[in-house]
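# Coordinate inspection notes
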Amino acid sequence: MRQRFLSGALVAISVLHLHAAEEAPAAGLSPFAGDIGNAIWTVAIFVVVVIVLGKFAWGPVLALLQQREAFIHRSLSDAKRDRDEAELRLKEYGAKLQSAQAEAVNIIEGARRDAEQFREELRKKARAEAEGILNNAQRQIQIETARALQQIRHEAADISVAIASKLIQRNLSKEDNQKLIDEALSQLKH
């Protein structure tokens, strides 16, 4: 700060000297042309102006510039930090996305396997039920066949008894016997 003040004072003195040299005639109206009192007053006024400007103008301006510089540095560091965080989050998001995609593929494959297993179980169950129904139907057929045969036997026995009783009641000729056998067989067919 002090160095800036001194360099500003030297620049101001140089400017005043050049300005005075342009306005003053060559004969010696320059503050540095030999009149020491005038030179002292000029330097004193210049020092007062520099002090007043330094306190009321340059001080606040420099403070504002330093605040602005600090704000810019803070903003740059915040922006760098935010960019780094954004890149980190982007990488995390990419990793999570890949993980989610892999998990989705695994879920789909698992669902396919489960569906295939369920389909196979349903096929086995349907086959078992069909075989059960077929076995049950075969048993029913066997039972019904056995009943029918039993009934036929009873009816054949009844018919045989009826034929025998008719034969016993009358003495039949060979033709009558044949006729009775044909009638009995025709009754069995119905």
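Residues numbered from 1 in each chain as written. Predicted model: local features only at pLDDT ≥ 70, side-chain atom pairs only at ≥ 80, totals over all residues. Heavy atoms only, no water.

## Focus: the overall build of the chain
Secondary structure summary: the chain contains 3 helices and 0 strands in total. A burial count over the chain gives 9% of its 190 residues as buried. Here the analysis covers contacts within the chain between residues at least 6 apart in sequence; of these, 50% occur between residues at least 24 apart. Summing over all exposed atoms, the chain offers an accessible surface of approximately 16300 Å²; the carbon and sulfur share of this is 61%. (Helix = DSSP H or I, 4+ residues; strand = E, 2+ residues; numbered from the N terminus. Buried < 20%, exposed > 50% of the residue type's maximum accessible area, 1.4 Å probe, protein only. Contact = heavy atoms within 4.5 Å. Areas by Shrake-Rupley, 256 points an atom, 1.4 Å probe, with all protein chains shown as cover.)

## What about a nonpolar patch on the surface?
A surface patch of nonpolar side chains, about 510 Å² in accessible area, is lined by Trp 41, Ile 45, Val 49, Leu 53 and Trp 58. Using a relative accessible area of 35% as the deciding quantity, one classes Trp 58 as partly exposed. (Patch = residues over 30% accessible without salt bridge, like charges linked within 9 Å, V, L, I, M, F, W, Y side chains within 5 Å. Salt bridge = Lys/Arg side-chain N within 4 Å of Asp/Glu carboxyl O.)

## Quick look at the pattern of salt bridges
Close approach of charged atoms lets side chains of opposite charge pair. Counted under the stated rule, the structure contains 10 salt bridges. The shortest N-O distance in the salt bridge between Arg 81 and Glu 85 comes to 3.8 Å. Of the two residues, Arg 81 and Glu 85 both sit in helix H2 (residues 36-169), 4 residues apart, roughly one turn of that helix. Residue Arg 81 is classed as partly exposed on the basis of its relative accessible area, which comes to 43%. According to the relative accessible area criterion, Glu 85 is partly exposed, its value standing at 33%.

## Describing the confidence of the model for the chain
The predicted model of the chain has a mean per-residue pLDDT of 81, with 76% of residues at 70 or higher. Across the chain, the element-wise mean pLDDT spans from 59 in helix H1 (residues 2-23) up to 89 in H2. (pLDDT = per-residue confidence, 0-100.)

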